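An overview of the molecular structure
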Amino acid sequence: MKLDDISVVQKRLEILWSARLRNKSKSKEAIKIQDRLSKKSSKEWSGAEEIRKWREKR
């Protein structure tokens, strides 16, 4: 019975860890995209304002 409990906990930790890595990867990719867009922008760049615009369009 103890071995089953350990394997359940291990599975949960694996799921949490992989989700955390996936979120980190998405965040890094979003930062790269914002940096690339900010370089193309001729005016001052505000990431928060851009995100707000995209959300309002939905």
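In case you missed it, the structure is sitting above this.
Now for a quick tour of the structure. (Residues numbered from 1 in each chain as written. Predicted model: local features only at pLDDT ≥ 70, side-chain atom pairs only at ≥ 80, totals over all residues. Heavy atoms only, no water.)

1. What to know about the overall build of the protein
Within the protein one finds two helices and zero strands. Of the accessible surface of the protein, which amounts to about 6,100 Å², a share of 56% is contributed by carbon and sulfur atoms. (Helix = DSSP H or I, 4+ residues; strand = E, 2+ residues; numbered from the N terminus. Areas by Shrake-Rupley, 256 points an atom, 1.4 Å probe, with all protein chains shown as cover.)

2. Points about a positive patch on the surface
Together, Arg-20, Lys-24, Lys-28 and Lys-32 make up a region of like positive charge exposed at the surface. Secondary-structure assignment places Lys-28 in helix α1 (residues 2–40). (Patch = residues over 30% accessible without salt bridge, like charges linked within 9 Å, V, L, I, M, F, W, Y side chains within 5 Å. Salt bridge = Lys/Arg side-chain N within 4 Å of Asp/Glu carboxyl O. Lys, Arg positive; Asp, Glu negative; His and termini not counted. Charge placed at Lys NZ, Arg CZ, Asp CG, Glu CD.)

3. Some words on the packing of aromatic side chains
For the structure on display, the rule yields zero aromatic pairs. Residue placement shows Lys-57 over the ring face of Trp-54; its charged tip is 5.5 Å from the ring centre. (Phe/Tyr/Trp six-rings, centres within 6.5 Å; stacked < 30°, edge-to-face > 60°. Lys NZ or Arg CZ within 6 Å of the ring centre and 35° of its normal.)

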